[in-house]
Amino acid sequence: GTQLLVWWLKPLPKANEMVGPPRSSYTLNDFTLDGLGEDGTPSFRLVAPYLARRQGDDSLYVNAPVYTIYGPDGADWHGTSQYAWVSSDNSLVKLIGKVDMQRRAVGKIKAAEVHTADATLWTQDKKMASAAPSVIQQTGSILRGVGMKADLKTHTLELLSDAQGTFLPQPRKH
């Protein structure tokens, strides 16, 4: 009788909450990754020789990426870094080590170059920041400082402290 009472009062076994097979770790060699925005439009592209994904962490670890950050008006940024980390939902990219980026002139938007290190990119908002020393070059100017913020939608580049600038003389119009 006691055994029947134990079986009757014993809690039911927990249901298996797993849906589908677990995602495994993997690596890729010589790959292209296209990150999409919330609306399904291309947000960025990474091309690199090596990618690793660890089990239990959906983020990606990338060596020597060459990337394109798509601008809303065709003013895309192209660049390189030593490493990159991409969050599982593609909304955050950390560009690790030396970071070099270039934007070609498009319409009224001037060409620009950014040289910094350890930058964080918010792909949905098209914003970027770095606490490292940074150099911003545009036609006729070279700006140096520590820390940088960029809004890639509005084409605003800002140095945060210790800013110094060199402005080249413009040719005179006769």
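Right, let's walk through the structure included here.

How each quantity is defined
Residues numbered from 1 in each chain as written. Predicted model: local features only at pLDDT ≥ 70, side-chain atom pairs only at ≥ 80, totals over all residues. Heavy atoms only, no water. Pairing = 2+ DSSP bridges. Helix = DSSP H or I, 4+ residues; strand = E, 2+ residues; numbered from the N terminus. 1 Å grid on protein atoms, 1.4 Å probe; cavity = no way out; pocket = protein on both sides within 12 Å on 5 of 7 lines; lining within 4 Å. Points joined across faces, edges and corners; volume = space filled by probe spheres on them.

### Some remarks on the pairing of strand E8 (residues 127–138)
Here eight bridges tie strand E7 (residues 112–122) to E8, and the two strands are oriented antiparallel to one another. Residue pairing across strands places Ala119 opposite Ser130, the latter belonging to E8. Connecting the antiparallel pair E7 and E8 is a turn made up of four residues, with Lys126 showing a positive phi of about 60°. Inspection of the sheet shows E8 paired to strand E9 (residues 141–151) by ten bridges, in the antiparallel sense. Pairing of Ser134 across the sheet is with Gly145, part of E9. Hairpin connection between E8 and E9: a loop of two residues separates the two successive antiparallel strands, and Gly140 in this loop has a positive phi of roughly 85°.

### What about empty space enclosed by the protein?
Throughout the structure, instances matching the rule amount to one cavity of 30 Å³ or more. If you add up the space inside the largest cavity, you get close to 40 Å³. If you list the elements that add at least two residues to the lining of the largest cavity, you get strand E2 (42–53), strand E4 (66–69) and strand E6 (92–103).

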